[in-house]
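One-letter residues, chain by chain:
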Amino acid sequence: MFVGLDIGTSSVKAVLLDENQSHIGSATSGLSVERPHPSWSEQDPDSWWTACEKVMDELAVRFPAGMGAVRGIGLSGHMHGATLLGADDRPLRPCILWNDGRSAKQCEELERAEPKFLTLGGNRVMPGFTAPKLQWVRENEPDVFAKVAKVLLPKDYVRLKLTGDHVGDMSDSAGTLWLDVAARDWSDDLLAATGLSRQHMPQLVEGSESSGQLRKDLCDRWGMAQAPVVAGGGGDNAASACGVGAVEPGSAFVSLGTSGVLFVTNDRFSPNVESAVHAFCHAVPDTWHQMGVILSATDSLNWLARTLGTEPESLTGALGTVSGPADVMFLPYLGGERTPHNDVRIRAGFAGIGHETDRTALTHAVLDGVAFALKDCMEALSAAGTKVNRVTAVGGGSRSTAWLEIIATLLDVPVDVPADGDFGASLGAARLGQAAAEGRTSGIFAPPPMQMQIEPRHDIQDDYRHAYERWRSLYPALKQAGF
């Protein structure tokens, strides 16, 4: 048996698989995000561990025989989170999350002062990444910065609790901006730019390698007959790629989670900083990937549902099948945007609202707006010379067939829907746990069974193409107006 733990922004998910990767069981525990100031986004690191204990305890109660046979545990987690530990391995402050925007000033200064962030790091210096967050702490919380002994990413703090070791993997660590991504190693120059050194960083392993073994007290607690290995694991998107079999060059997926991602696997480091494309290591050896990232995918739909006092599923269910683009347009920039604008200050907006606009029209506009933003990502990847022929859909938003149909139409590629898309990252983590336990990657990362394939709607494609061109004019208009 193998366990995958996914440390998400809104919940921790665990999945239990057997040696044939059949789904035995799963458990979920919710998390909350704190926003003490505008553009801030934080979480208590210990809330991740409490949630992990809860889901593992639940699996141990429901599937005692299965948990007794666990040989490998894999981890995935939301990237970029700055988890600052003192010498006693306790958090010094709340973790600054991936969607936190406070460090825009530090980003501009770091890009000017250290151009290797764009070459070795392979990415624009964005407020979501870890390095500028540490620079913000250095400048604004110097007492905290002086006590920092280790900087870990969210899943690696959970690993510390599981194994007692400070270890990170290549895919997640690439998102700190301290990694020489081509060399798959920490960069002394990039660390020094934020007042840090290798001593502040965890040891690096590949995602499919062992990072240590589960502590004996936890083995006893969860009824495990022998200590399973804990795999290096991966950042949430790299782990999702392992879950849907996107590990060969050219394979791709689209993720509709809190954020939105268009992910393509590469056989080499392929940066495109001009269009704010992310270029990171993959969770498997000798492999890299590119991502176009939007900050508010299902977050946009959740915001609308919360504002209207209803549930997201109620809104998408009432929409039904779409017959063309919405009359109303929506820019999904609730907390700024990454690809292609790298603009932490821009904000969302509707255009074209009239007396006749109802909640169905607003829902349609939100789904279109997120899909248009993913089309921006596709354009940025195309500009980098990357060709995408089909994508697999993962994340909670993939439960909406209408949404996927809009995306397929705009991206002009078929969209494959796995039978269980909501556990893509935890499935990938479990597969990485199996790879580490069995000492192999061959045969581990096959695509899962697909529930359906959604083709582009050619009857409405021209209408959507024209709507996309109109939608693209909204960003410069809002930007000029000071939004």
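Predicted model only: the values in this text are computed from it and were never measured.

Taken in spatial order, the seven strands of this open sheet run β18-β19-β17-β16-β22-β23-β24, and their pairing is mixed. The open sheet has two free edges, formed respectively by β18 (278–281) and β24 (450–454), since each of these has just one partner strand. Across the sheet, the mean angle separating the axes of adjacent strands is 25° when strand polarity is ignored. As paired strands, β18 and strand β19 (residues 288–294) are joined by four bridges and run antiparallel to one another. Its bridge partner being in β19, histidine 278 is matched across the sheet by methionine 291. Where helix α15 (residues 401–411) meets the sheet, its contacts fall on β16 (252–256), β17 (260–266), β22 (391–394), β23 (415–418) and β24, and the angle it forms with β24 comes to roughly 50°.

The subject of this paragraph is the packing of aromatic side chains. Tallied over the full model, the rule gives twelve aromatic pairs. Geometrically, the ring pair formed by tryptophan 303 and phenylalanine 330 is stacked, given 6.3 Å between the ring centres and 10° between the ring planes. Remark: phenylalanine 330 occurs in strand β20 (residues 329–331) and tryptophan 303 occurs in helix α12 (residues 298–308); sequence separation between them is 27 residues. Under the relative-accessibility criterion, tryptophan 303 is labelled partly exposed at 26%.

Within α15, ten of the eleven residues are buried, leaving the element largely enclosed by the surrounding structure. Inspection of α15 places Ala402, Trp403, Leu404, Glu405, Ile406, Ile407, Ala408, Thr409, Leu410 and Leu411 among the buried residues, and these make up the whole buried set.

If you walk through the whole model with that rule in mind, you get 30 salt bridges. Here arginine 93 and glutamate 42 are joined by a salt bridge, their closest N and O atoms 3.1 Å apart. Of this pair, arginine 93 sits in the loop between β6 (83–85) and β7 (95–96) while glutamate 42 sits in strand β4 (residues 42–43), and the two are 51 residues apart along the sequence. Judged by relative accessible area, which is 11%, arginine 93 ranks as buried. Take glutamate 42: its relative accessible area is 6%, and that puts it in the buried class. Between arginine 184 and glutamate 206 there is a salt bridge whose closest N-O contact spans 2.9 Å. You can see arginine 184 sitting in the loop between β10 (179–180) and β11 (185–186) and its partner glutamate 206 sitting in the loop between β12 (203–205) and β13 (210–213), a full 22 residues away along the chain.

Along β22, one buried face is formed by Val391 and Ala393 and the opposite face, lined by Thr392 and Val394, is buried too. As paired strands, β16 and β22 are joined by three bridges and run parallel to one another. Within the sheet, the bridge partner assigned to phenylalanine 253 lies in β22 and is threonine 392. Handedness of the crossover joining β22 and β23 through α15: right-handed.

With that settled, consider the environment of glycine 81. Following the sequence through the fold, glycine 81 ends up in the loop between β5 (72–77) and β6. Residue glycine 81 is classed as buried on the basis of its relative accessible area of 0%. Along the chain, glycine 81 and arginine 472 lie 391 residues apart, while their C-alpha atoms are 31 Å from each other.

What follows concerns the pairing of strand β3 (residues 23–30). For a regular strand, side chains alternate in direction, first toward one face of the sheet and then toward the other. The sheet contact formed by strand β2 (residues 11–17) and β3 spans seven bridges and is antiparallel. Considered in β3, the bridge of alanine 14 is made with alanine 27. Counting the residues in the hairpin turn of β2 and β3 gives five residues, including glutamine 21, whose phi is positive at 65°.

As for its position among the elements, lysine 13 is in strand β2. Taking relative accessible area as the criterion, lysine 13 reaches 17% and is therefore assigned buried. Linking lysine 13 and glycine 30, residues 17 residues apart in sequence, is a C-alpha distance of 8.7 Å.

The subject of this paragraph is helix α5 (residues 130–140). Within α5, eight of the eleven residues are buried, which leaves it mostly tucked inside the rest of the structure. By the burial criterion, the buried members of α5 are Thr130, Ala131, Pro132, Lys133, Leu134, Gln135, Trp136 and Val137.

Before going further, it helps to examine the packing of helix α13 (residues 312–319) against helix α14 (residues 359–383). For any two helices packed against each other, one specifies the crossing angle of their axes together with the interaxial distance. Where α13 contacts α14, the axes come no closer than 9 Å and their chain directions differ by 100°. The pairing of α13 with α14 is recorded here as roughly perpendicular in orientation. Contact residues: Leu315, Thr316 and Leu319 in α13; Arg359, Thr360, Thr363, His364 and Leu367 in α14.

Two elements in contact, helix α11 (residues 236–244) and helix α16 (residues 424–438), have axes whose closest approach is 6 Å; the angle formed by their N-to-C orientations is 75°. Considering their axes alone, α11 and α16 lie roughly perpendicular with respect to each other. Residue-level contacts link Asp236, Ala239, Ser240, Cys242, Gly243 and Val244 of α11 to Gly424, Ala425, Leu427, Gly428, Ala429, Arg431 and Leu432 of α16.

Further remarks concern the nonpolar core. Here is a general trend for soluble globular proteins: nonpolar side chains tend to be buried in one another's company. Core analysis: the largest hydrophobic core is formed by 56 residues, its most contacted members being Leu256, Leu262, Val391 and Trp471. For this core, the element with the most residues is α14, which contributes 13 residues. If you look at the next biggest cluster of nonpolar residues, it comprises 46 residues, including Ala82, Phe117, Val125 and Trp178.

Here we take up the environment of proline 202. When you line up the elements, proline 202 lands in the loop between α9 (188–192) and β12. Its relative accessible area of 7% is what places proline 202 among the buried residues. Remark: the alpha-carbon pair of proline 202 and leucine 153, spanning 49 residues in sequence, is separated by 9.5 Å. Setting aside residues no more than four positions away along its own chain, proline 202 makes contact with Lys150, Val151, Leu152, His166, Val167, Gly168 and Trp186.

Here the bond from threonine 339 into proline 340 is cis, since omega is 0°, no more than 30 degrees from zero. Note that proline 340 resides in the loop between β20 and β21 (349–351). For leucine 177, which is not glycine, the phi torsion reads 80° and is therefore positive. Inspection of the secondary structure puts leucine 177 in the loop between α8 (170–174) and β10. Positive phi values are uncommon outside glycine, yet aspartate 412 reaches one of about 60°.

Rules and cut-offs
Residues numbered from 1 in each chain as written. Predicted model: local features only at pLDDT ≥ 70, side-chain atom pairs only at ≥ 80, totals over all residues. Heavy atoms only, no water. Pairing = 2+ DSSP bridges. Helix = DSSP H or I, 4+ residues; strand = E, 2+ residues; numbered from the N terminus. Axes fitted to C-alpha atoms, helices over the stretch in contact; angles between N-to-C directions. Contact = heavy atoms within 4.5 Å. Phe/Tyr/Trp six-rings, centres within 6.5 Å; stacked < 30°, edge-to-face > 60°. Buried < 20%, exposed > 50% of the residue type's maximum accessible area, 1.4 Å probe, protein only. Salt bridge = Lys/Arg side-chain N within 4 Å of Asp/Glu carboxyl O. Right-handed = clockwise from strand over helix to strand, strands pointing away. Parallel < 35°, antiparallel > 145°, perpendicular 65-115°, else oblique. Core = buried A, V, L, I, M, F, W, Y, C linked by side-chain atoms within 4.5 Å.

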